[in-house]
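Each chain, written out:
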Amino acid sequence: MAETGSKTGDFKVTPWEVKGDIDYDKLVQRFGTEKIDSKLLERIRKHTGELHPLLRRGIFFSHRDLNWILDEYDKGNKFFLYTGRAPSGPVHMGHLVVWQFAKWLQDKFDVEMWFQFPDEEKFLFKDELTLEDTKKWTYENALDVIALGFDPKKTFFLIDTVHAGLMYKEACKVAKKLNFSTAKAVFGFGDDTNVGSIFYTAMQSVPAFLPSVIKGRNRPCLIPAAIDQDPHWRISRDILPKIGYYKPAQIHGKFLPGLGGMTEQGKMSSSEKNTTIYSIDSEKEVRDKINKYAFSGGQVSIAEHRKNGGNPDIDVPYQWLTFIEDSDAKLKKIRDDYVSGKLLTGELKAILIDEINSFLKEHQKKREKAKSQFEKFVYKC
Ligand code: TYM
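Residues numbered from 1 in each chain as written. Predicted model: local features only at pLDDT ≥ 70, side-chain atom pairs only at ≥ 80, totals over all residues. Heavy atoms only, no water.

1. Quick notes on the state of the cysteines
Next, step 1: Enumeration according to the criterion identifies zero disulfides in this entry.
Next, step 2: Its sulfur unpaired, Cys172 is 16 Å from the next cysteine sulfur, which belongs to Cys381. (Disulfide = S-S within 2.5 Å.)

Structure below.
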């Protein structure tokens, strides 16, 4: 099972469940990935000019074969990006953070993005969703992706049930090399798992080599995503060379916590309405959820807070700012003021509310405009 425990055995990371206080160093060891070190950061910076805040702050922290991707890029063999979203409900801030980073990679390296919407995934894995629901969420979620500004000439949406004619044949090639025992070991499937769920990982492998199939030559693939998706890539990396393609490379991000905090609630998740900020939330919903549910590292009284200060390391609003505030100087001042007791919990929450609401105001306008662009992004066979 793609699951791991901390010293007290209390965290879990699978593509379908993330829980507990994650020890990311331990996760890297268990998953067998590599940490992004300062040498690799410097190598990226040489290409990009500046480092994205999520790289500077160690939020995109782990990788597989990123040095190889850059070696090939330096030789003129450009990679393509591949990421995705399994439509099951509205997009939340955790998704947006990953995709903003992916868009930055697209801009800086001037590369294609292949974006998968596996509209069968959550249908197969969740009892309550119909294929009509996931079709609706595919369109709604795609608007968020478009709103982030991906280049329409270089971005291609693959929707599993729409592009089945193109993808199924390739998925069969992967599935033929995947034993049930491996799928069980990687994903923890049991005798009661439906066979669609067991096959599904083959479909998630396809976009990692489909652009190579289409071009008729092998092309390097880089996948930016949070680290929960890594079990799928272990399978892709094992099988793709056996069917004639490169192993896909990855760059892994940490999870944006739910408003209740990582320990209590785990990563932000679409199904937890009160502790999740969605891209379509109103200003009032954002304000109310953060004020009511965001876990605070502040003290119980103002007097005590002024005296002892707050703890930013467990404070969810502060953690969130490390994901979304661009300015290092502003972030440092917030941290210092919070630790010293100068900045109160309510004031810290107000900073976060303002930042999210001003971002969402613009995002929601762009999302409306995206409605006329959707067809342009869907890959034409
Ligand atoms: P899904 O729809 O659960 O999530 C979409 C993307 O968002 C990331 N993510 C998060 N990142 C930071 N903080 C969080 N709280 C958080 N929650 C989710 C996920 O890592 C993912 O990158 N099986 C996939 C869909 C998929 C895919 C892909 C994802 C198909 N092909 C290729 C990445 C790359 C899924 O269920 O993602």
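2. Brief notes about the domain arrangement of the chain
Next, step 1: When its domains are assigned, the chain resolves into domain 1 (6-254) and domain 2 (273-368).
Next, step 2: Across the domain 1/domain 2 interface, buried area totals approximately 1,600 Å², and carbon plus sulfur atoms make up 62% of it.
Next, step 3: Three residues, Arg57, Met93 and Ala147, lead the burial of domain 1 against domain 2; their summed loss comes to 37% of the area buried on that side.
Next, step 4: Our enumeration of links across domain 1 and domain 2 arrives at four salt bridges.
Next, step 5: Between Asp328 and Arg56 there is a salt bridge whose closest N-O contact spans 2.9 Å.
Next, step 6: Our count for the contact surface shared by domain 1 and domain 2 stands at twelve residue pairs in polar contact (both at pLDDT 80 or more).
Next, step 7: Of the residues belonging to the side of domain 1 that touches domain 2, the class tally is eleven nonpolar, two polar and five charged. (Domains from an automatic or database assignment. Buried area = accessible area lost by both parts, 1.4 Å probe. Salt bridge = Lys/Arg side-chain N within 4 Å of Asp/Glu carboxyl O. Polar contact = N/O pair within 3.5 Å; in protein donor to acceptor, adjacent residues only side chain to side chain. Nonpolar A, V, L, I, M, F, W, Y, C, P; charged D, E, K, R; others polar.)

3. Observations regarding the nonpolar core
Next, step 1: Formed by 67 residues in total, the largest nonpolar core has its most connected members in Leu55 and Trp320.
Next, step 2: Looking at this core element by element, the count peaks at ten residues for helix α5 (residues 93-109).
Next, step 3: Per-domain counts for this core show at least three residues from each of domain 1 (6-254) and domain 2 (273-368).
Next, step 4: Within the second largest apolar cluster, 30 residues are counted, among which are Ala171, Ile198, Leu210 and Trp233. (Core = buried A, V, L, I, M, F, W, Y, C linked by side-chain atoms within 4.5 Å. Buried < 20%, exposed > 50% of the residue type's maximum accessible area, 1.4 Å probe, protein only. Helix = DSSP H or I, 4+ residues; strand = E, 2+ residues; numbered from the N terminus.)

4. Some remarks on unusual backbone geometry
Next, step 1: A positive phi angle is found at Asp65, which is not glycine, with a value near 65°.
Next, step 2: Inspection of the secondary structure assignment puts Asp65 in the loop between β4 (60-64) and α4 (66-74).
Next, step 3: On the basis of relative accessibility, which here comes to 27%, the residue Asp65 falls in the partly exposed class.
Next, step 4: Even without being a glycine, Asp110 presents a positive backbone phi close to 55°.
Next, step 5: Counting through the fold element by element, Asp110 comes out in the loop between α5 and β6 (113-117).

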